[in-house]
Amino acid sequence: MTMVYDEALDAFEPVLGLETHVELGTRSKMFCGCKTTFGAPPNTQVCPTCLALPGALPTANTMAIESTIRIGLALNCSIAEWCRFARKNYFYPDMPKNYQISQYDEPLCFDGYVDVEVDGRTVRIEIERVHLEEDTGKSTHVGGATGRIHGADYSIVDYNRAGIPLVEIVTKPIPGTDRLAPEVARAYVTELREIMRSLGVSDVRMEEGSLRCDVNVSLMPRGASEWGTRTETKNVNSLRSVERAVRSEIERQAGVLADGGKIVQETRHFHEDTGTTTSGRSKEEAQDYRYFPEPDLVPIAPDPAWVAELKAALPELPSVRRKRLQAEWGLSDLDMQAMHNADAFDLVEATVAAGAPPADARKWWMGELARRANETGTPLADLPITPADIARVTELVASGALNDKLAREVLEGVLAGEGTPDEVVEKRGLQIVNDEGELSAIIDQVLADNADAADKVRSGKIAAAGALVGGVMRASKGKADAARARQLILEKLGVSG
Amino acid sequence: MSAITRDEVAHLARLSRLALTGDELDHYATQLDAIIEAVAKVAEVAAEDVPPSSHALPLTNVFRADEVRQSLTPELALAGAPAVEDDRFRVPRILGEEA
């Protein structure tokens with residue numbers, strides 16, 4: 001039986017390993033000129049090469065090689081001076097060739113690392129290798145009770161995805177994460193996703209499968225020095241699932257071990273609905289794939305000058321950028337964490353670039369807009385409002401044309417598709433009443449209607465002015481400048497604030 | 001000296017999805033043995049100064065630009081398929097032996 005997480009961690013120490021697949025965003029496939037558009041009708045992006053028709057030969061896509069080297073450099077890897085593709089042989093219809101072109105003992109990039117922050121602690125994740133291969137086709141299993149591979153009557157295959165360049169990033173085993181193992185796994189995949197985005201090499205959409213993660217977990221009794229047998233949980237397809245899959249596998253393995261059982265080295269499948277894993281096929285040994293150098297493709301020997309150029313041209317990496325922004329914006333670690341979780345850096349930075357003060361930019365995105373994003377279940381970046389809109393609203397507030405309450409109404413209007421902030425102000429009539437004559441008339445009316453309160457203020461109870469200001473705000477439908485109204489009220493009643 | 005065993009042939013047959021009879025296992029074990037012995041002769045002549053080679057031509061870095069080219073139509077792509085369903089290749093059940 002599974003063990004409760006905390007008890008599992010009292011008895012055992014986890015060792016993690018993560019294999020992440022990133023589909024590159026090249027225009028054409030890895031070894032042929034077929035398009036790579038996601039969601040195209042089945043078998044419309046296939047050709048003799050990616051269908052393995054007799055006589056067709058592969059040629060490597062230079063952009064895919066370049067992107068892989070850039071990924072390696074961003075992950076602090078060494079770049080191979082010379083390496084080859086290899087055939088990974090297996091009989092499974094997701095590849096029409098009966099092998100996948102991959103890399104075996106000569107990856108393009110190796111021995112790197114990436115640092116992630118978890119719970120105020122920096123954890124260094126060592127990268128073993130980054131290699132380039134081709135993605136497989138997509139199988140749909142038909143018949144049987146579950147629609148899953150087991151028990152299916154037959155399968156139907158779409159090869160549009162077969163041959164899209166796929167980069168596999170493999171960590172070295174990660175011991176020492178202890179209770180934070182699930183969070184470390186998630187933080188690592190999150191960091192990879194941001195690095196890929198900053199490099200512009202992939203759209204890294206987990207829900208579309210362009211970023212996929214296999215999670216290896218093993219347990220050893222506390223104090224032991226020898227690692228336990230690991231399992232590999234396949235295709236974990238959201239950041240939250242990465243965390244859940246590690247946790248669930250720790251609980252399951254601890255239960256098996258505590259009952260005196262043994263962990264079987266196997267592939268397991270993660271189920272989103274239950275958050276648990278079930279046994280898949282038993283894992284084939286590496287030698288069963290009968291790897292050998294790919295005879296149809298000549299070796300790759302990246303020119304060191306080219307690699308140096310690519311390295312010099314790397315963009316600012318996300319961790320460096322976060323440190324810079326934190327210093328520039330004067331934010332606390334907690335604020336930064338909240339912005340990280342909300343995926344708000346790009347938006348706030350763009351808003352600041354459009355002229356808004358950092359504090360205001362952050363206030364709107366992390367307040368009103370984050371709330372709206374949560375309510376509607378939309379990513380912040382997908383809200384129908386731009387950084388320029390927010391910058392304009394902060395400008396209108398700073399100039400005194402809007403107060404916070406009116407600014408919120410303007411945002412609401414923009415989100416509802418009523419136009420730019422200025423158009424919403426115009427259409428909804430949201431300007432602050434700056435006309436002294438108009439404001440003065442409203443105040444006179446309020447004073448007349450609230451004679452008691454006015455008398456109290458005259459007799460020195462300044463606090464009673466609050467009710468009068470409230471009355472002015474109501475009478476002006478929120479469009480008066482409250483501070484100016486208060487000033488005028490006190491003047492009219494012959495007292496000084 | 002290699003001496004391929006019957007079990008090794010059976011394992012290879014399973015990976016290759018081939019159903020072999022007992023007689024065939026023995027038959028191929030002998031043949032594979034002969035092939036491996038023949039290939040092993042290369043090792044006898046390979047001296048220290050002869051680097052292992054995987055490719056016939058001394059070429060590296062043969063790349064193509066990242067340019068889209070015309071794909072086949074689905075009709076053409078599927079024309080040679082033994083079975084088709086929903087514009088996809090229909091294949092026999094996968095993992096039947098492990099279900």
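Residues numbered from 1 in each chain as written. Chains lettered and ligands numbered in written order. Predicted model: local features only at pLDDT ≥ 70, side-chain atom pairs only at ≥ 80, totals over all residues. Heavy atoms only, no water.

**Concerning the overall build of chain A**
Here is the rule we go by: Working definition: helices are DSSP H or I runs of at least four residues, strands are E runs of at least two. Numbering for both runs from the N terminus. The atom set for the radius of gyration is the C-alpha atoms, and the globule formula is 2.2 Å times the number of residues raised to the power 0.38. Using a 1.4 Å probe, accessible areas were evaluated by the Shrake-Rupley method; residue-level cover was limited to the displayed protein chains.
A tally of helices and strands in chain A yields 16 helices and 15 strands. Its C-alpha atoms give chain A a radius of gyration of 30 Å, more than 25% over the compact-globule value 23 Å for 497 residues. With respect to the three principal axes, the spread of C-alpha positions in chain A is 95 × 55 × 50 Å. Approximately 22,100 Å² of chain A is accessible, and the part contributed by carbon and sulfur atoms is 50%.

**Regarding the interface of chain B and chain A**
Put simply, an interface is often sized by how much accessible area is lost when its parts join up. Let me state the cut-off plainly: Residue contacts follow a heavy-atom distance rule, with two residues in contact if any of their heavy atoms lie within 4.5 Å. As used here, buried area is the combined drop in accessible area, with a 1.4 Å probe, of two parts when they are placed together. By salt bridge we mean one thing: a side-chain nitrogen of Lys or Arg within 4 Å of a carboxyl oxygen of Asp or Glu. As used in this structure description, the phrase polar contact means that two N or O atoms lie within 3.5 Å; if the pair is within protein, one of them must be able to donate a hydrogen and the other to accept it, and residues adjacent in sequence are counted only when both atoms belong to side chains. For this scheme, ten residues count as nonpolar: Ala, Val, Leu, Ile, Met, Phe, Trp, Tyr, Cys and Pro. Four count as charged, namely Asp, Glu, Lys and Arg, and the remainder, Gly too, count as polar. At least two DSSP bridges between two strands are required for those strands to pair.
Counting residues at the interface gives 38 residues for chain B and 55 residues for chain A. For the pair chain B and chain A, the two sides together bury roughly 4,000 Å², of which 60% comes from carbon and sulfur. When the buried surface of chain B facing chain A is broken down by residue, R64, D66 and I94 of chain B rank first, second and third, together holding 19% of it. Across the chain B-chain A interface, the total number found is zero salt bridges. Where chain B meets chain A, there are 20 residue pairs in polar contact (both at pLDDT 80 or more). Contributions of two or more residues to the side of chain B that touches chain A are made by α1 (6-15), β1 (63-64), α3 (74-78) and β3 (88-92) of chain B. Its residues placed into classes, the side of chain B that touches chain A shows 17 nonpolar, eight polar and 13 charged. With two bridges joining them, strand β2 (residues 60-61) of chain A and β1 of chain B adopt parallel strand pairing. The residue bridging N61 of chain A from the neighbouring strand is R64 of chain B, located in β1 of chain B.

**Focus on the pattern of salt bridges**
Threshold: Three exposure classes are used, based on accessible area relative to the maximum for each residue type with a 1.4 Å probe and protein chains only: buried under 20%, partly exposed in between, and exposed over 50%.
Inspection of the entire model under this criterion finds 41 salt bridges over all chains. Of the charged contacts in the structure, one is a salt bridge between D346 of chain A and R321 of chain A, with a shortest N-O distance of 2.9 Å. On the criterion of sequence distance, the pair formed by D346 of chain A in helix α8 (residues 345-353) and R321 of chain A in helix α6 (residues 318-329) is long-range, its members being 25 residues apart. Of the charged contacts, one joins D26 of chain B and R6 of chain B as a salt bridge, the two residues approaching to 2.8 Å between their closest N and O atoms. Remark: R6 of chain B occurs in helix α1 and D26 of chain B occurs in helix α2 (residues 22-45); sequence separation between them is 20 residues. Judged by its relative accessible area of 38%, D26 of chain B is partly exposed. Given a relative accessible area of 40%, R6 of chain B falls into the partly exposed group.

**A look at the confidence of the model for chain B**
Inclusion rule: Each residue carries a pLDDT score, the predictor's confidence in it, ranging from 0 to 100.
Of the residues in chain B, 93% have a pLDDT of 70 or more, and the chain-wide mean is 87. Both confidence scores are given for the complex: pTM 0.80, ipTM 0.84.

**Quick word on a nonpolar patch on the surface**
All names here are of chain B. Going by this rule: In this analysis, a patch consists of residues with relative accessible area above 30% that form no salt bridge, clustered at 9 Å for like charges and at 5 Å for the nonpolar side chains Val, Leu, Ile, Met, Phe, Trp and Tyr.
Where nonpolar side chains cluster on the molecular surface, the patch consists of I35, I36 and V39 and spans about 260 Å² of accessible area. Relative to the helices and strands, I36 resides in helix α2. By relative accessible area, I36 is classed as partly exposed at 36%.

**Quick look at the packing of aromatic side chains**
Two measures describe an aromatic ring pair: the distance that separates the ring centres and the angle between the ring planes. Residues and elements named next belong to chain A. For clarity, the threshold we go by: Planes of paired rings set the category: under 30 degrees apart is stacked, over 60 is edge-to-face and the rest tilted, where pairs are Phe, Tyr or Trp rings (Trp by its six-membered ring) whose centres lie within 6.5 Å.
Inspection of every chain in the model, using the stated rule, returns six aromatic pairs over all chains. When the centroid spacing of 6.3 Å and the interplanar angle of 40° are considered together, the rings of Y90 and Y92 count as tilted. For the pair Y90 and Y92, one class covers both residues: buried. Centre to centre, the rings of Y90 and Y289 are 6.3 Å apart; their planes meet at 85°, and the pair counts as edge-to-face. A residue pair is termed long-range when its members are at least 10 positions apart, and Y90 in the loop between β4 (86-89) and β5 (99-102) and Y289 in the loop between β14 (276-282) and β15 (292-293) qualify at 199 residues. Here the aromatic residues Y90, Y92, Y104, Y289 and Y291 are joined through ring pairs into a cluster of three or more.

**What to know about the pairing of strand β1 (residues 12-23) of chain A**
All names here are of chain A. The element β1 is extensively covered by neighbouring structure, given that eleven of its twelve residues are classed as buried. In this sheet, strand β11 (residues 211-221) lies alongside β1 in antiparallel orientation, the contact comprising eleven bridges. Bridge pairing in β11 links P14 to L219. Across five bridges, β1 lies against strand β10 (residues 165-171) in antiparallel orientation. Along β10, the bridge assignment pairs E19 with V170.

**Concerning α6 of chain A**
All names here are of chain A. The condition is simple: The length a helix should cover is 1.5 Å for every residue beyond the first. Here, the arc refers to the directions that run from the helix axis to the C-beta atoms.
Taking 1.5 Å as the rise per residue, α6 with twelve residues should run 16 Å; its terminal C-alpha atoms sit 16 Å apart, in good agreement. Among the residues of α6, P318, R321, R322, L325 and W329 are the ones counted as buried. Projected onto a plane normal to the axis of α6, the buried residues spread over an arc of 100° and lie on a single side. Opposite its buried face, α6 presents the exposed residues K323 and A327, each directed more than 90 degrees away. In the core, the buried residues of α6 are packed alongside α3 (181-199), α7 (333-341), α8 and α9 (358-376).

**Digging into the pairing of β11 of chain A**
On a regular strand, one side chain projects to one face of the sheet and the next to the other, so that they alternate. Residues and elements named next belong to chain A. Most of β11 sits out of view: ten of its eleven residues are buried. Two strands pair when backbone bridges link them, and β11 and strand β12 (residues 231-236) are joined in this way by four bridges, in the antiparallel orientation. When the bridges of β12 are listed, V217 appears paired with T231.

**Observations regarding the side chain of T231 of chain A**
Residue and element names in this part refer to chain A. Structurally, T231 can be placed in strand β12. Here T231 falls in the buried class, since its relative accessible area comes to 0%. Within polar-contact distance, the side chain of T231 engages the side chain of Q253 at 3.1 Å. The residues touching T231, leaving out its near neighbours within four places in the chain, are V215, N216, V217, E249, R252, Q253, I263, V264, E266 and R268.

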